[in-house]
Amino acid sequence: MNIHLLAVYVVAVFLAMIAPGPDMMFILATGVRGGPRAGLLATLGVASSEVVQITAVAVGLSALFAAAPAAFTVLRLCGAAYLLYLGIQALRSARRVSPLAASPPEARVSGRYAYLRGAVTNLVNPKMVTFAVAFLPQFVDRSLGHVPAQFAVLGAIFIALEALIDGAVGLSAGRLGGWLSRRRARQAVDASSGMIMVALAGRLALER
């Protein structure tokens, strides 16, 4: 694989992961209510759903690129635009962010419920499919060939970072919940990730 593109990909995925989103908020709330084990199982549920979605996207896009090579360039530019959109949204969020509402007290959740709810929450989230379709192709170097294998590597890295970052959130839900409830902390996360995403979007739009 193109080492430069791979390094940019890791940075971009890391930034996307640390910015609080629906999956992270669900895992955080589950960990607070059900404890570290429930938070970790919710993360595994989300990751399991992502394996299914990324595999489906990779298979479909690999076939598309083989049939219509020009589609790769179009999709790459659309992906750069989408990354720019995410960056702008993060910057806007940094300006208007408000403290997280405290989760209402509930009965402890079972491990099975946490896992299944995590999988369903991610599976029905259209943003995940959009992210995979628009984002992953930008980091595939068609000149190197083996497009399906490149997708597999990118997908594996994505899932690994998901499990690492959101797993840490689930295991440390109580402390992280208090930290993320602070306005300045969330502003710092959103602002820094937003600025770098915008820069990456420009860099990727000009790549090759």
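The structure displayed is predicted, hence computed values, not measured ones.

1. Examining the side chain of Asp166
And step 1. For Asp166, the position within the fold is in helix H7 (residues 147–171).
And step 2. Residues contacting Asp166, with those up to four places away along its chain left out, are Met17, Asp23, Met24, Ile27, Thr43 and Leu161.

2. Examining the packing of helix H1 (residues 3–18) against H7
And step 1. As a packed pair, H1 and H7 sit with axes 10 Å apart at the nearest point and diverge in direction by 35°. The element H1 and its partner H7 pack so that their crossing is right-handed. For the pair H1 and H7, contact is made by Leu6, Tyr9, Val10, Val13, Phe14, Met17 and Ile18 and by Leu154, Gly155, Ile157, Phe158, Leu161, Glu162, Ile165 and Asp166, respectively.
And step 2. Looking at the contact of H1 with H7 residue by residue, the class counts come to twelve nonpolar, one polar and two charged.

3. Details of the nonpolar core
And step 1. Grouped together as the largest cluster of nonpolar side chains are 38 residues, with contacts concentrated most on Tyr9, Val13, Phe135, Leu136, Phe139, Phe151 and Phe158.
And step 2. Taken together, the elements giving at least two residues each to this core come down to H1, helix H2 (22–34), helix H3 (36–67), helix H6 (126–135) and H7.
And step 3. For this core, the leading source of residues is H3, giving nine residues.

4. Some thoughts on the packing of aromatic side chains
And step 1. Considering all chains together, one arrives at one aromatic pair under this definition.
And step 2. Pairing Tyr9 with Phe139 gives two aromatic rings, centres 5.0 Å apart and planes at 65°, and the pair type is edge-to-face. With a gap of 130 residues between them, Tyr9 in helix H1 and Phe139 in the loop between H6 and H7 connect regions that are remote in the sequence.
And step 3. Looking at Tyr9, the relative accessible area reads 0%, which means it is buried.
And step 4. Among the residues examined, Phe139 registers a relative accessible area of 2% and is labelled buried.

5. Some points on the confidence of the model for the protein chain
And step 1. When pLDDT is averaged along the protein chain, the result is 75, and 67% of the positions lie at 70 or above.
And step 2. In the model of the protein chain, helix H8 (residues 173–180) stands out as the element of lowest mean pLDDT, 62, in contrast to H7, which has the highest, 88.
And step 3. Ignoring residues within four places in sequence, the model shows residues 99–107, a span with pLDDT below 50, making nine contacts including any to other chains.

6. Looking at the environment of Asp23
And step 1. Note that Asp23 resides in helix H2.
And step 2. Taking the C-alpha atoms as reference points, Asp23 and Thr121, 98 residues apart in sequence, are found 7.3 Å from one another.
And step 3. Those residues within four positions of Asp23 in sequence are excluded, and the remaining contacts are Val46, Glu50, Thr121, Asn122 and Asp166.

Rules used in this analysis
- Residues numbered from 1 in each chain as written.
- Predicted model: local features only at pLDDT ≥ 70, side-chain atom pairs only at ≥ 80, totals over all residues.
- Heavy atoms only, no water.
- Helix = DSSP H or I, 4+ residues; strand = E, 2+ residues; numbered from the N terminus.
- Contact = heavy atoms within 4.5 Å.
- Axes fitted to C-alpha atoms, helices over the stretch in contact; angles between N-to-C directions.
- Left-handed = near helix turned anticlockwise from the far one by under 90°.
- Nonpolar A, V, L, I, M, F, W, Y, C, P; charged D, E, K, R; others polar.
- Core = buried A, V, L, I, M, F, W, Y, C linked by side-chain atoms within 4.5 Å.
- Buried < 20%, exposed > 50% of the residue type's maximum accessible area, 1.4 Å probe, protein only.
- Phe/Tyr/Trp six-rings, centres within 6.5 Å; stacked < 30°, edge-to-face > 60°.
- pLDDT = per-residue confidence, 0-100.

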